[in-house]
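Chain residues, written in single-letter form:
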Amino acid sequence: MILGRQHRRLAVMYNSIRVCRCLKAYPSTIRQCGARRSYSQLTSMQLDLKRALQSADLQSVNGSSFADRSQLKYARRLVIKLGSAVITREDEHGIALGRLASIVEQVAECHLEGRECIMVTSGAVAFGKQKLTHELLMSLSMRETLSANDHARKDVRTLLKARAAAAVGQSGLMSLYDAMFSQYGVKIAQVLVTKPDFYNDETRKNLFSTLSELISMNIVPIINTNDAVTPPPQDDDLIKSKGKKVISIKDNDSLAAMLAAEVNADLLILMSDVDGIFTRPPKQEGAKMIWTYNSDMADIIQFGKKSTVGTGGMDSKVQAATWALNRGVSVVICNGMQEKAIKSIMVGRKIGTFFTNAPTANTTPVETLAENARYGSRILQKLPAVDRASAIYALAELLISKQAAILDANEKDIAIATKEGTAAPLISRLSLTPAKLKSLAIGLKQIAETSHTNVGKVLKRTKISENLNLTQVTVPIGVLLVIFESRPDCLPQVAALALSSANGLLLKGGKEASHSNKALMDVVKEALATVGAQDAISLVSTREEISDLLSMENHIDLIIPRGSSDLVRSIQDQSAHIPVLGHAEGICHVYVDKDANLEKALTIIRDSKCDYPAACNAMETLLIHEDLFESPFFNEVCDMLKRENVQLFSGPKLSSRLTFGPPQAKSLKHEYGELACAIELVSGLESAVNHIHTYGSGHTEVIITENSDAATKFQRDVDSACVFHNASSRFADGFRFGLGAEVGISTARIHARGPVGVEGLLTTKWILNGDGHAAAEFAEGGGRTYVHEHLPVDN
C-alpha cells in the first residue's frame, strides 16, 4: 500500500514518539515531537496515533489487527515464540545452533530497524539434557569399565528428568542468547516466569511493568517459563482473574498469546516445526495448507497429535492465536526451520498461516486456481481440436462485441495513471483502442487456424520390433504462469495461445491495468465456458507477492515474464525451481555493410529505432562499416536520427575519429528503451559479428547489404534468436511472424527461441504399443531383436 501524505505524517509521528519512549529523551527529543511530555502521556499519544493509522486504512477496521499480509511491514511491536522443535536438535539433546543463530540475526535486524521485539523461548530442557547426558556418561564410565555388560549408557536418557534438565539448562541457554545478540550490539534481559504468575494480580502487574521498562530502555526481553518448578497445566481454556477472563497458560503458545495481548503487540509469530495450519495433519492424504485463517474455519480443521518435543499441539497453537487475534493482535504460525522466515513475514511474503478477523475476501486461493488450471488443461487436451479453435474464435468475436465495456474499464485505468503522473509512453502501452482490439481479434483468428494441428501432432514413428511401435506426439507443458506489466492487450493473446496449446494458465497483471484486465478476463471466461473449461485460465487478483508465486513449483510448470528488463531479470533471479522463458535484455544491432543500398538503410534504421523505441526489438546500437564514415551517408543517418529526436552516443572507435560530436556511450552493452542509441564503426563483417557477440543479448540482429554472400555469412555466424537481412528489427514479433501472437521472446537456447507462439508451449511424450513384449526377451539368447525402423508420419 502506498501511503498518502497524511498517512506518512501519522507514521512518522508514531515512530518519533516510540523512539522517545524507548530513549526517554525528555528535554530535547520530546520537544521535537511537539511538546514536553511525560512517559505516560507519550504512551497515550502513541496509542492515539496508532488508532489514527488504523482508521487511515493501514490496519483493519475490526480492531488493531492487520487485515492483510502486505500491512505486516507496519508492525512495530513483535512477540516471537520459538517452539522446542525449532531450536532443538532432532535427538532432543542440545540446541540447533545454526538455526537459532539465523533466528537471532533476524530478530536483531528487526530490533535495529526500530521495532520492539519480545521473545518467548523454549530450549532450556534440551540444553540441560545435553549437559546432564555428558555428566552422567562421565559418572557412569567407571561402572562401564568394570562391567562390559553394563547397559547404563543406554539408560542415560531415562535417567534425565525434564525439571532437573531445565534447572541445569536455563543459565546456559541465556548465556548463549547473550553471546549471539551481543554480536549485533543488542542488549537482552531474561524474564523467568511461572504460570501462576499470570493469575496473581500483583505478580502479573509487576511482570508487565518490567517488560514495559525493558522495552523503553531498548532491551529485548527473553521470556521462558521456569520449568524446574512449573505445576501441572490448567484444565480450563480460560480462567478468571479478578473477574477478567485470561487464557490458561498450558504451554509457550498460550504464554506468548497472553504476553502479546497484555503488551499491545502488533504481531505475534508462533514458530513451529510445520509450515502452518493444515485442514488435517500434514502427513495425511488430502491435507491442505490454510494460508489465511479466520474463526469461520474452525470446523474444517482436523488436529493430530502434539509435537514429541514440545508441550503443545497444533490445536493449542490455533486456540492461542485465535485468543490473541480477538484481542487485536495479528498472528502468523510458521515453520521456524524455513530460511529467513521472520524477515519474509515482515515484508509480506506468503509464509505460514496468517490469522485475521477481516471479512474473507471472495477471491479463490492461488493454489486452488493453479489446481483448477491443471484440471482445465486436461479438459482442453481431451477436446477435439475444432472445439479449442471455436473457443478462440469466440474470444476474438467477444473482443469486438464487448468492446464498449472493455474500453470503459480501460478508461478508468488511464484516468488513474494520468492522475498519478504516469509517463506518456507507459500510458500509451496501457491504453486500448478500437483499432487495437480489432488487431487483437485478427491475431486470435490466426491462432485459431493453427489450433487444428498443434496438440497430439505425431512427430516421429519408429518400429522397435515386430508389433512393438513407438510414437512421439506433442502435448501441452501443463500450467503456465505469465506475469506481465502495463499492457492489457497481451492478456487475450496469451489466453488464446494457452487455449490453442491446451495449457492451463495463470495470469498476473500489473495493478495499473487492473480494471482492463478484469474486463478482458471476463471475456476470456465467457469464451472458455463454450467448451466447458472456464477454470483453465484465471487471473491472479489476490495480493500474492511475485516471490510467492515463483515458489509454487508443485503447481506451475513454466513462468513467462512480459515486461521491462528489470522485471524479467528479477523473475529469472528469484525462480530457483521453475524454468523461466524470456529475455532480460533486448540489445539489438543493425549493421550497415559497405555494399548496402543506403536508401534502404535509412528506411530500415529509422523503423528499427523510431517505430516503437520502448520495444525489446528496437535497435540499440547502429554499426557502420568504416568505409562509409567519410561518405555523405554518415551525416545523413545522423541528421535523420536527430530529426526523429533520437539522442546519439558514440562508441570508442567512432569517438576517436570525431573532433566533436555525440558523447561517448558509457557502455555498448546497454538497452536504452527510448529514443536513444549508440553508433559505432566496424572494420568489416567479422568485426561486426564479433561486436554483436561481445555486446549483444542474443535477441535480434540485422545486416543491410546487397552482397548475398555477406548476408549468408552474417546470418550463419551471428548467434542470436533472430537474424535478418535487409529488414527492420521490428519484425521480431509473433504476430508479424504469422504466429498470431506470442507469449514472449526467448533468448534461451533450450526448448524455444525467438518469438514464442503455440509450438513453444508444447512438449512431447512417447507412446509405446506392444503385444506382451518384455525387455529381457531382447537380451542375448532371448529370441527377439530390435528393428528400429523409421515409419512415415501421417497427421
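Our subject in this report is the structure included herewith.

Basis of the calculations
- Residues numbered from 1 in each chain as written.
- Predicted model: local features only at pLDDT ≥ 70, side-chain atom pairs only at ≥ 80, totals over all residues.
- Heavy atoms only, no water.
- Helix = DSSP H or I, 4+ residues; strand = E, 2+ residues; numbered from the N terminus.
- Buried < 20%, exposed > 50% of the residue type's maximum accessible area, 1.4 Å probe, protein only.
- Contact = heavy atoms within 4.5 Å.
- Areas by Shrake-Rupley, 256 points an atom, 1.4 Å probe, with all protein chains shown as cover.
- Axes fitted to C-alpha atoms, helices over the stretch in contact; angles between N-to-C directions.
- Parallel < 35°, antiparallel > 145°, perpendicular 65-115°, else oblique.
- Nonpolar A, V, L, I, M, F, W, Y, C, P; charged D, E, K, R; others polar.
- Core = buried A, V, L, I, M, F, W, Y, C linked by side-chain atoms within 4.5 Å.
- Pairing = 2+ DSSP bridges.
- Phe/Tyr/Trp six-rings, centres within 6.5 Å; stacked < 30°, edge-to-face > 60°.
- Salt bridge = Lys/Arg side-chain N within 4 Å of Asp/Glu carboxyl O.
- Right-handed = clockwise from strand over helix to strand, strands pointing away.

Glancing now at the overall build of the protein chain. Looking only at helices and strands, the protein chain features 26 helices and 28 strands. Out of the 795 residues in the protein chain, the part that is buried amounts to 52%. Partitioning the intrachain contacts of the protein chain with sequence separation of at least 6 by distance along the chain shows that 72% fall at a separation of at least 24. Element-wise, carbon and sulfur atoms account for 50% of the exposed surface of the protein chain, whose accessible area totals about 36,700 Å².

It is worth spelling out the packing of helix α9 (residues 201-216) against helix α10 (residues 252-262) at this point. Put simply, α9 and α10 touch, their axes get as near as 11 Å, and they point 70 degrees apart. Considering their axes alone, α9 and α10 lie roughly perpendicular with respect to each other. Contact with α9, carried on its side by Arg-204, Phe-208 and Leu-211, involves Met-258, Leu-259 and Glu-262 of α10 and no other residues of that element. Of the residues contributing to the contact of α9 with α10, the split by class is four nonpolar, no polar and two charged.

On to the side chain of Thr-356, then. Within the secondary structure, Thr-356 is located in the loop between β12 (353-355) and α13 (366-382). Not counting residues up to four positions away in its chain, the partners in contact with Thr-356 are Phe-66, Ala-67, Thr-292, Tyr-293, Asn-294 and Leu-325.

Moving on, we get to the nonpolar core. Core analysis: the largest hydrophobic core is formed by 56 residues, its most contacted members being Leu-380, Leu-491, Leu-505, Leu-507, Val-524 and Ile-537. Not counting the four nearest positions on each side in its chain, Ile-537 is found in contact with Ala-495, Ala-498, Leu-505, Leu-507, Met-521, Val-524, Lys-525 and Leu-528.

Sheets are built from strands that pair by backbone hydrogen bonding, the pairs being arranged parallel or antiparallel. Strand order across the open sheet formed by six strands is β21-β22-β20-β19-β23-β24, with parallel pairing between neighbours. Two strands bound the open sheet, and with one partner strand each, they are β21 (647-650) and β24 (722-725). For this sheet the average axis-to-axis angle between neighbouring strands, irrespective of direction, equals 20 degrees. Pairing geometry for strand β19 (residues 588-592) and strand β23 (residues 700-704), over four bridges, is parallel. Bridging from a neighbouring strand, His-589 pairs with Glu-701 of β23. Packed onto the sheet, helix α25 (residues 685-695) meets β19, β20 (619-625), β22 (676-682) and β23 and runs at close to 170 degrees relative to β19. Helix-sheet contacts for helix α26 (residues 708-717) involve β19, β23 and β24, and the interaxial angle to β24 is about 175 degrees.

This part takes up the packing of aromatic side chains. Applying the stated rule across the entire model yields seven aromatic pairs. With a centroid separation of 6.4 Å and 65 degrees between ring planes, the pair formed by Phe-724 and Phe-737 is classed as edge-to-face. One end of the pair, Phe-724, is in strand β24; the other, Phe-737, is in the loop between β24 and β25 (744-746), and 13 residues separate them in sequence. Given a relative accessible area of 12%, Phe-724 falls into the buried group. Judged by its relative accessible area of 40%, Phe-737 is partly exposed.

Attention now moves to the pattern of salt bridges. Applying the stated criterion across every chain yields a total of 29 salt bridges. In this structure, Glu-397 and Lys-445 form a salt bridge, with 3.2 Å as the shortest nitrogen-oxygen distance. Of this pair, Glu-397 sits in helix α14 (residues 385-401) while Lys-445 sits in helix α17 (residues 434-450), and the two are 48 residues apart along the sequence. Given the relative accessible area of 45%, Glu-397 is considered partly exposed. When its relative accessible area of 33% is taken as the criterion, Lys-445 is described as partly exposed. Of the charged contacts in the structure, one is a salt bridge between Glu-706 and Lys-600, with a shortest N-O distance of 3.2 Å. Of this pair, Glu-706 sits in the loop between β23 and α26 while Lys-600 sits in helix α22 (residues 598-610), and the two are 106 residues apart along the sequence. Exposure remark for Glu-706: the relative accessible area of 43% places this residue in the partly exposed category. Salt bridges linked by common partners bring Glu-109, Glu-113, Arg-115 and Lys-343 together as one network.

This part is about the pairing of strand β15 (residues 479-484). In terms of burial, β15 is a largely internal element, six of the six residues being buried. Across six bridges, β15 lies against strand β16 (residues 504-509) in parallel orientation. Bridging across to β16, Leu-480 finds its partner in Leu-505. As a crossover connection, the stretch from β15 through helix α18 (residues 490-501) into β16 is right-handed. Pairing of β15 with strand β18 (residues 558-562) involves five bridges; the strand directions are parallel. Of the residues in β18, the one forming a bridge with Leu-481 is Ile-559.

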